[in-house]
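Residues per chain, in single letters:
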Amino acid sequence: MTDVVTAVHARRVWDSRGRPTVEVEVSTRLGHRGRAIAPAGASRGSGEATDLRDGGARLGGLDVRRAVANVTERIAPALLGHPVGDQPGIDAVLDALDPSPTRSDLGGNATVAVSLAVLHAAAASAGLSTWRYLNPRPTRIPRPQVQVIGGGAHAARRVDLQDFMVVPLSATRIDEALEHVAEVYLSVGRIFAERGPALGVADEGGFWPAVARNEEALAILTDGIGRTGLVPGVDVAISLDIAASEFERDGRYHLASEDRVLDRDAWRAVVERWLADYPVVAVEDPAGEHDPESMRAFTDAVGDRALVVGDDFLVTDPARIEAAAATGACNTALIKVNQAGTVTRTARAHQAARAAGWSTIVSARSGETEDVSVAHLAVGWDADVLKVGSITRSERTAKWNELIRIDDELGGLPLAPFPIRSVARR
Ligand code: 2PG
Ligand code: MG
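Residues numbered from 1 in each chain as written. Chains lettered and ligands numbered in written order. Predicted model: local features only at pLDDT ≥ 70, side-chain atom pairs only at ≥ 80, totals over all residues. Heavy atoms only, no water.

Moving on: the pairing of strand S8 (residues 252–255). Taking every second residue as pointing to the same face, the buried face of S8 carries Tyr253 and Leu255, while none of Arg252 and His254 on the other face is buried. With antiparallel pairing between neighbouring strands as the criterion, strand S7 (residues 248–249) and S8 make up a hairpin whose turn holds two residues, including Asp250 at a positive phi of roughly 55°. Note that S8 and strand S9 (residues 260–263) share four bridges and pair antiparallel. The residue bridging Tyr253 from the neighbouring strand is Leu262, located in S9. Once S8 ends, the chain turns through four residues before running back antiparallel as S9, passing Asp259 with a positive phi of about 55°. (Buried < 20%, exposed > 50% of the residue type's maximum accessible area, 1.4 Å probe, protein only. Helix = DSSP H or I, 4+ residues; strand = E, 2+ residues; numbered from the N terminus. Pairing = 2+ DSSP bridges.)

Most often, soluble globular proteins keep nonpolar side chains buried together rather than apart. Val24 and Trp267 are the most contacted members of the largest nonpolar core, which has 113 residues in total. A total of 10 residues in this core trace back to one element, the largest contributor, which is helix H3 (residues 108–125). Looking at which domains feed residues into this core, each of domain 1 (5–127) and domain 2 (143–409) gives three or more. Those residues in contact with Val24 that lie beyond four places of it in its chain are Val8, His9, Ala10, Gly34, Arg35, Ala36, Val71, Ala113, Val114 and Ala117. Formed by 13 residues, the second largest nonpolar core is a distinct cluster that contains Val167, Val281, Leu334 and Phe418. (Core = buried A, V, L, I, M, F, W, Y, C linked by side-chain atoms within 4.5 Å. Domains from an automatic or database assignment. Contact = heavy atoms within 4.5 Å.)

Okay, the domain arrangement of the protein chain next. Segmenting the protein chain into domains produces domain 1 (5–127) and domain 2 (143–409). For domain 1 and domain 2, the distance between their C-alpha centres works out to 27 Å. Summed over both partners, the interface of domain 1 with domain 2 buries about 2,400 Å², with 51% contributed by carbon and sulfur atoms. Summed over the three residues of domain 1 that lose the most area to domain 2, namely Ser16, Pro39 and Ser43, the buried surface amounts to 22% of that side. Our count for the contact surface shared by domain 1 and domain 2 stands at two salt bridges. The residue Arg17 makes a salt bridge to Asp203 at a minimum N-O spacing of 3.1 Å. Put simply, the parts of the chain that give the side of domain 1 that touches domain 2 at least two residues each are strand S3 (33–37), helix H2 (87–97) and H3. In terms of residue count, H3 provides more of the side of domain 1 that touches domain 2 than any other element does, seven residues in total. (Buried area = accessible area lost by both parts, 1.4 Å probe. Salt bridge = Lys/Arg side-chain N within 4 Å of Asp/Glu carboxyl O.)

For the structure shown, the criterion picks out six aromatic pairs. Seen from their ring centres, Phe247 and Tyr253 are 6.3 Å apart, and the 75° between their planes marks the pair as edge-to-face. There is no split in this pair, since Phe247 and Tyr253 are both buried. With 5.5 Å between their ring centres and 85° between their planes, Phe247 and Trp267 make a pair best called edge-to-face. Within this pair, whereas Phe247 is found in the loop between strand S6 (236–241) and S7, its partner Trp267 is found in helix H7 (residues 264–277), the two being separated by 20 residues in sequence. Pair check on accessibility: Phe247 and Trp267 agree, each one buried. Taken together, the aromatic side chains of Phe247, Tyr253, Trp267 and Trp274 make up a single cluster linked through ring pairs. (Phe/Tyr/Trp six-rings, centres within 6.5 Å; stacked < 30°, edge-to-face > 60°.)

The next point concerns the side chain of Asp241. With respect to the helices and strands, Asp241 occurs in strand S6. Since its relative accessible area comes to 1%, Asp241 is described here as buried. There is a polar contact of 3.2 Å between the side chain of Asp241 and the side chain of Lys387. With residues up to four places along the chain from it excluded, the contact list for Asp241 reads Leu161, Gln162, Asp163, Met165, Glu284, Asp285, Asp311 and Lys387. (Polar contact = N/O pair within 3.5 Å; in protein donor to acceptor, adjacent residues only side chain to side chain.)

So, about a negative patch on the surface. Residues Asp175, Glu176, Glu179 and Glu183 make up a contiguous surface patch of negative charge. Checked against the element boundaries, Glu176 lands in helix H5 (residues 174–195). (Patch = residues over 30% accessible without salt bridge, like charges linked within 9 Å, V, L, I, M, F, W, Y side chains within 5 Å. Areas by Shrake-Rupley, 256 points an atom, 1.4 Å probe, with all protein chains shown as cover. Lys, Arg positive; Asp, Glu negative; His and termini not counted. Charge placed at Lys NZ, Arg CZ, Asp CG, Glu CD.)

Let us look at the pairing of strand S10 (residues 280–284). Of all five residues that make up S10, five are buried, and the element is covered over most of its length. Judged from the four bridges that link them, S6 and S10 form a sheet pairing that is parallel. Residue pairing for S10: Ser239 is matched across the bridge by Ala282. Two elements, S10 and strand S11 (residues 307–310), share three bridges in a ladder whose sense is parallel. Paired with Ala282 across the strands is Leu307, a residue of S11.

Attention shifts here to the sheet that holds strand S1 (residues 5–14). Strand order in this open sheet of three strands is S1-S2-S3, and the pairing throughout is antiparallel. Among the strands making up the open sheet, the edge pair consists of S1 and S3. Each strand of the sheet is rotated relative to its neighbour by a mean of 15°, with strand direction disregarded. Here strand S2 (residues 20–28) pairs with S3 via five bridges, running antiparallel. Within S3, the position partnered with Val26 by the bridge is Gly34. (Axes fitted to C-alpha atoms, helices over the stretch in contact; angles between N-to-C directions.)

Two elements in contact, helix H1 (residues 65–79) and H3, have axes whose closest approach is 9 Å; the angle formed by their N-to-C orientations is 50°. Comparing their axes, H3 and H1 come out oblique. For the crossing formed where H1 meets H3, the hand is right-handed. Of the residues in H3, those in contact with Ala67, Val71, Ile75 and Leu79 of H1 are Asn109, Ala110 and Val114. (Parallel < 35°, antiparallel > 145°, perpendicular 65-115°, else oblique. Left-handed = near helix turned anticlockwise from the far one by under 90°.)

Quick look at the coordination of the magnesium ion (ligand 2) now. Coordination sphere of the magnesium ion (ligand 2), protein contribution only: Asp241 (OD), Glu284 (OE) and Asp311 (OD), at 2.0 to 2.2 Å. Considered as a linear motif, the donors of the magnesium ion (ligand 2) on their single chain read D-x42-E-x26-D. Taken together, the residues span a long stretch of sequence, with Asp241 in strand S6 and Glu284 in strand S10 at a distance of 43 residues. (Donors = N, O, S within 2.8 Å, 3.2 Å for Na, K, Ca; no water.)

Written out as structure tokens, the structure is:
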């Protein structure tokens with residue numbers, strides 16, 4: 001018997017940054033349930049699905065009562081009786097209810113919570129974990145990319161770069177990979193403790209960037225890796241989310257923390273030097289979202305030795321991914337379900353990246369909760385890499401721990417090979 005949606009209920013819950021967000025629970029005729037919570041980003045691409053907020057005085061304008069009401073009053077009636085296993089059909093109903101390109105009417109936070117809850121309900125109805133519902137026989141586990149030092153919009157712009165992350169390169173299993181990451185995290189913590197008392201964490205659980213310049217964080221991270229006995233660039237490498245849209249204006253790059261403004265060429269030279277001097281294997285959004293010329297130039301210059309990842313630049317949009325691939329901008333897509341607004345559209349973006357011969361990174365947001373959907377999507381879609389912030393704070397470890405559970409259930413699988421195998425220590 002085809003199982004159908006019998007209830008779609010929304011409520012307001014809270015995220016890791018003290019902000020309200022939308023939780024949706026979907027129930028089916030055969031008694032199954034799926035639940036999901038919308039994440040929220042701090043540094044957002046202008047083309048991503050709208051994070052609908054109420055405005056006004058309450059909660060700094062960030063309340064989500066309208067988005068919650070949109071689910072219960074407008075989306076729920078349209079989905080009742082729909083086969084829960086028909087994800088494309090359900091997502092098409094959401095598209096039809098709000099055909100605006102950025103879901104500015106219903107809110108991407110409303111649609112993504114509904115779409116993910118439907119996915120989990122459909123998996124439950126099929127008697128499967130969500131990852132297995134998406135992929136009955138995974139052959140590998142996505143490699144973790146983990147923040148160690150925060151920055152940018154996640155740390156009050158104390159430095160300009162947003163994420164100083166590590167990728168465990170030599171580890172072959174998730175358990176070993178996260179152990180390497182934790183060794184580095186603890187090691188970097190000891191370095192910050194030696195330097196002074198300003199030891200705190202940024203939004204995604206990485207260390208507060210108590211440094212004077214962007215490059216100092218790179219040096220500390222490299223030192224932190226080396227002090228563990230792991231070889232920088234061979235066992236553990238660095239990945240940067242530069243999030244350059246946050247400080248690019250009209251092709252000029254404003255490094256506020258260093259009081260410098262650089263034109264395109266000078267900025268590219270700075271980043272290329274970081275890649276030459278430190279064991280960096282990936283750069284995300286090295287150029288602003290409105291500077292495709294720089295994104296192509298970066299890809300051209302370093303694409304053979306580093307992942308050039310598009311986040312704000314691509315906003316999980318299949319058409320933008322295809323266009324970027326056609327012009328040689330980026331070689332990797334960051335995939336965020338709330339940028340796209342539905343599971344189906346996100347899956348299409350992932351497929352578009354694959355079709356272009358790119359690597360893929362499924363990513364969480366800076367505003368997160370205990371929701372572990374991204375771990376399931378990453379395994380279910382066979383992503384190369386999973387990015388969920390640091391290896392601290394429960395909203396982050398919830399995802400890593402879910403990945404460990406999935407791997408355990410599968411009897412232990414190899415990690416997906418990182419596309420860049422190593423970069424020599426310089
Ligand atoms: C990003 C994410 C995660 P935010 O830019 O990739 O680090 O940040 O959710 O704030 O957009
Ligand atoms: Mg990013």
